[in-house]
Amino acid sequence: MERWNWFCWSQGIVPCANNFEPEPPFFLPSPMPEWPQGGEFAKGTICIGELEVLQITKFECIWNCLSPKEKGKGAVFYKPLLIPDGFFSLGHYCQRCDQPLHGSLLVVRENAQSQQLTGLPALAKPLDYELLWSSDDLQEDYDCGCGYFWLPIPPEGYQELGMLVTSKRNKPSIEEVRCVRVDLTDSSEAHELMIDMEAIFPHLPCQVWKTRPSSRGMSETGIPVGTFCCNTDSSSLDILSAHCLKNLDSSLRGMPNLEQIHALIQHYGPTLMFHPKEDYFPSSVSWFFKNGATLYKKDVKAGEIIDARGSNLPEGGQNDGEYWIDLPDDGDNFVKKGNIETAKLYTHVKPALGGTFTDIAMWIFCPFNGPATIKVGVANFPLSKVGRHIGDWEHYTLRISNFNGELWSIYFSQHSGGEWVDASGLEFIGGNKAIVYSSKSGHASFPHPGNYLQGSEKLGIGVRNDAARSKFFIDSSTRYEIVAAEYLGDVVEEPFWLRYMREWGPTIKYSSRSEIDRILNFLPFNIRNTVENIFNSLPVELYGEEGPTGPKEKNNWVGDERW
C-alpha cells in the first residue's frame, strides 16, 4: 500500500481515504513531440470568448462506490488538483473503477482582454449547496466511507455546470467552484451511465451519468466540462445539472494549422490492418478511375469513362439517383480485388466539441465490399450475394486534445454504427500509433482482433466481422492525403471526386430471401423464429446491392460521430 500511495503522489493523484486502490492512470506509450509552432494549438489554455479554459488531468480521489456482488464494478469520484492561480473548478469528475484513470476536467478563468456582453461578470460563487444524494441518507453518523453529492445553488443569471462530492457531511466551501453566466453556457445531455446506486443502495436510488453537449458537430459550440450529472428518481428521465460551456470565439484559435495537422498525423496515424484471408483490398480513388470505373446517367445506356482526377463527375447536389458509378464487365473481377499498393487514407480535419478538440477523420476506399458470412452458434454460412456491393467507403476518426495535442480517443466506424474507444483501450504498434483492424470482406473497423457479431453476441447469431493481424496493412501516418479542412479556409483544395454526391456503385435488386431461407431450413425448428427475428433486425443495406455515397454525403461529415 505504501508503494501504491507513493506512485499516486508521484503522478499527482491523491489516493482515497479508505485505502481503495483505483486503476493506475493511463499514459500514451511514448512521449509527445514538440509540435510545430504557430497559433494557439497545444498551448495549454484555449480562449472561448469571455472565458479561458484549461484542461486538468491530475486528481484527488474523494470517494468510491463498489458493487458488493460484482468484483471491480463501481465508480470513483475525483476532484481536480494543481489548479493554477486565477482558474476555478466547475465540479468534480467521475469514472468507472474498472478502467485506467484517463479523464479531464476543465477549469476556467475570466478573460481580462474580452469585453463583457452584459454588466455581469462571467463567473460567480454559488450562493449555497443543496445535498442532492448521500449514501447514508443522513440517518446515522458515519465517519468515513459515505458519499455526499452537492449541487451548487447559482445566483440569478448564472448556471452551475457540475456537482461536488464529499466523504463527510460538511458542505463544501463556496470558494471551491464557480457558476457561469447563463449566456456563456449550452445545454447538455446524459449519454453514458457511470453507476446505478440503486443496485448497491436499494432504498437510495441515484444514477450517475457522463454528459455531452446536446448539439455536436464541427459547427456546434458546446464544450463538455468533464463533470457528471445525476438522477435521483429512477422512474423519471429528468437529469439534473446537464449544462456545458459555450465557445463564443468564432476564430477557433485553438485548432491546429496545416503544418501541425501533418505533425499530428505523422505521430498518431494508425496502422490499418487487413484480415489475412481478405479478398477485396482498398485502392486509391485514382487507381479505381484509371482502371475502368464508369459514370452512368439515368436513362442513358452508354457510360462515360471517369478521368483519373474525377474532374468529369457531376458536382454538388444530392443523391437523387440520376448518376452512379459502375465497373466495366471485362474488368469487373480485376478491379474488385483492389490495389493495396496505391491505397491511401483520405483525411478530413474538423473542429470537435466547440473547438477544444480536433477530429481527424481518415477515409479508406475499397472498390468492392464482399458478401457476408452468417454465424449461427458453431455453424458458419458463407453467402454469395447478401452484403456485397461495388464501392465501399469506411473510416476511423482520431480525436486530439487542442490543449496539448494528446490523442484522446478513436472512433471505429462499423457499418451503420460504430464506437468511440478511449486511448487507454487501444492497441498500439510503434510509439503512439494504434492498430485499426479492418474486418474481412466488409471492412468495418475494430480496436482489437477477434470475431465481432453484427446481431446477437449473447446468442451467437449474426453477421461475422472477422479481424486479425496479417502482412496486409497500410501505415496511415505516411500514406494519407488531406482532402478537406474547412476551418482553414482555402488552404486545402478539395479533389473533384469529393464533391461527387451520388452513389459509387449501381443499385442491383435481387431476392436475398433464397440465401436466408437456406440457412433457416438448415436449423432446428425450435430456434428458427429467433434466428429469423435477428436477421430481420439487421440493416436493410445487407439485403440489396447498392453502392454507397461518398464521404461528404455522410451525416458525420459535418456532424459528430455516434457516441
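Residues numbered from 1 in each chain as written. Predicted model: local features only at pLDDT ≥ 70, side-chain atom pairs only at ≥ 80, totals over all residues. Heavy atoms only, no water.

Under the annotation held in an unreviewed UniProt entry, the protein carries the name Vacuolar protein sorting-associated protein 62 and is attributed to Zingiber officinale.

Student: Could you clarify how one ought to interpret the side chain of Glu406 in this entry?
Tutor: Here Glu406 is to be found in the loop between strand S26 (389–401) and strand S27 (407–414). With no salt bridge to any partner, buried Glu406 finds its closest opposite charge in Lys58, at an N-O distance of 9.5 Å. One polar contact links Glu406 to His102, side chain to side chain, over a distance of 3.4 Å. Among residues more than four places away in sequence, those in contact with Glu406 are Leu28, Met32, His102, Tyr268, Arg399, Ile400 and Ser401. (Helix = DSSP H or I, 4+ residues; strand = E, 2+ residues; numbered from the N terminus. Buried < 20%, exposed > 50% of the residue type's maximum accessible area, 1.4 Å probe, protein only. Lys, Arg positive; Asp, Glu negative; His and termini not counted. Salt bridge = Lys/Arg side-chain N within 4 Å of Asp/Glu carboxyl O. Polar contact = N/O pair within 3.5 Å; in protein donor to acceptor, adjacent residues only side chain to side chain. Contact = heavy atoms within 4.5 Å.)

Student: Can you walk me through the sheet that holds strand S25 (residues 379–382) in this structure?
Tutor: In a beta sheet, neighbouring strands are held together by backbone hydrogen bonds and run either parallel or antiparallel to one another. Pairing within the open sheet is antiparallel, and its four strands lie in the order S25-S24-S32-S31. Two strands bound the open sheet, and with one partner strand each, they are S25 and strand S31 (450–456). Each adjacent strand pair in this sheet contributes to an overall mean axis angle of 35°, direction not counted. Here three bridges tie strand S24 (residues 373–376) to strand S32 (residues 461–467), and the two strands are oriented antiparallel to one another. Each bridged residue has a counterpart across the sheet, and for Lys375 the counterpart in S32 is Gly462. (Pairing = 2+ DSSP bridges. Axes fitted to C-alpha atoms, helices over the stretch in contact; angles between N-to-C directions.)

Student: Could you clarify how one ought to interpret the pairing of strand S22 (residues 345–352) in this entry?
Tutor: Moving residue by residue along a regular strand, the side chains alternate between the two faces of the sheet. Of all eight residues in S22, eight are buried; the element is thus mostly enclosed. The two faces of S22 match: Leu345, Thr347, Val349 and Pro351 on one face and Tyr346, His348, Lys350 and Ala352 on the other face are all buried. Of the strand pairs in this sheet, S22 and strand S34 (residues 480–484) are connected by four bridges, and their pairing is parallel. Opposite Thr347, over in S34, you have Ile482 as the bridge partner. As paired strands, S22 and strand S23 (residues 357–369) are joined by seven bridges and run antiparallel to one another. Looking at S23, one finds that Pro351 is bridged to Thr358. Taking the residues between adjacent antiparallel strands as the criterion, S22 and S23 are bridged by four residues, where Leu353 takes a positive phi near 50°.

Student: Please clarify how the nonpolar core should be interpreted in this entry.
Tutor: In summary, soluble globular proteins display a tendency toward joint burial of nonpolar side chains. In terms of nonpolar packing, the biggest core is built from 36 residues, with Leu407 and Leu426 touching the most fellow members. Those elements that provide at least two residues to this core are helix H2 (258–268), strand S18 (271–274), S22, S23, S26, S27 and S34. Looking at which element gives the most residues to this core, the answer is H2, with five residues. Those residues in contact with Leu407 that sit more than four places away from it in its chain are Leu28, Tyr268, Leu398, Arg399, Ile400, Ala423, Leu426, Phe428 and Asn432. Counting 26 residues, the second largest nonpolar core, distinct from the first, contains Leu327, Ala361, Trp393 and Trp557. (Core = buried A, V, L, I, M, F, W, Y, C linked by side-chain atoms within 4.5 Å.)

Student: Would you take a moment to explain H2 for this structure?
Tutor: The periodicity of an α-helix, 3.6 residues per turn, causes residues three or four positions apart to be oriented the same way. The complete set of buried residues in H2 reads Gln260, Ile261, Ala263, Leu264, Ile265, His267 and Tyr268. Its buried side turned inward, H2 meets S22, S23, S26, S27 and S34. The opening residue of H2 is Asn257, an N-cap whose side-chain oxygen sits 3.2 Å from the backbone nitrogen of Glu259.

Student: Please clarify how the sheet that holds strand S14 (residues 207–213) should be interpreted in this entry.
Tutor: Here we have five strands laid out as an open sheet, ordered S15-S17-S13-S14-S16, and antiparallel in their pairing. Every other strand in the sheet has two partners, leaving strand S15 (222–223) and strand S16 (228–231) as the edge strands with one partner each. Where S14 and S16 come together, four bridges link them in antiparallel fashion. For Gln207, the partnering residue across the bridge sits in S16 and is Asn231.

Student: Is there a simple way to explain the packing of aromatic side chains in this structure?
Tutor: Note on aromatic pairs: each is described by the distance of the centres and the angle between the planes. By the definition in use, this model includes 31 aromatic pairs. Ring geometry for Trp287 and Phe334: centres 5.6 Å apart, planes at 55°, overall tilted. One end of the pair, Trp287, is in helix H3 (residues 285–290); the other, Phe334, is in helix H4 (residues 332–336), with 47 residues separating them in the sequence. Measuring from ring centre to ring centre gives 4.9 Å for Tyr346 and Trp497, while their planes differ by 75°; the resulting arrangement is edge-to-face. Placement of the pair is Tyr346 in strand S22 and Trp497 in the loop between S34 and strand S35 (507–508), with a sequence separation of 151 residues. The exposure class assigned to Tyr346 is buried, which follows from its relative accessible area of 3%. The exposure class of Trp497 is buried, given its relative accessible area of 6%. Ring pairs connect the aromatic residues Phe288, Phe289, Tyr346, Phe365, Trp393, Trp497, Tyr500 and Trp504, which therefore count as one cluster. Lying across the ring of Phe88, Arg178 places its NZ or CZ 3.9 Å from the centre. The side chain of Lys337 reaches across the aromatic face of Tyr280, ending 5.2 Å from its centre. (Phe/Tyr/Trp six-rings, centres within 6.5 Å; stacked < 30°, edge-to-face > 60°. Lys NZ or Arg CZ within 6 Å of the ring centre and 35° of its normal.)

Student: Where do I start with the pairing of S18 in this structure?
Tutor: Here S18 shows a buried face lined by Thr271 and Met273 and a second buried face lined by Leu272 and Phe274. Note: S18 against strand S29 (residues 435–438), four bridges, orientation parallel. Pairing of Met273 across the sheet is with Tyr437, part of S29. Taken together, the three bridges between S18 and strand S33 (residues 473–475) define a ladder with antiparallel strand orientation. The residue bridging Thr271 from the neighbouring strand is Asp475, located in S33.

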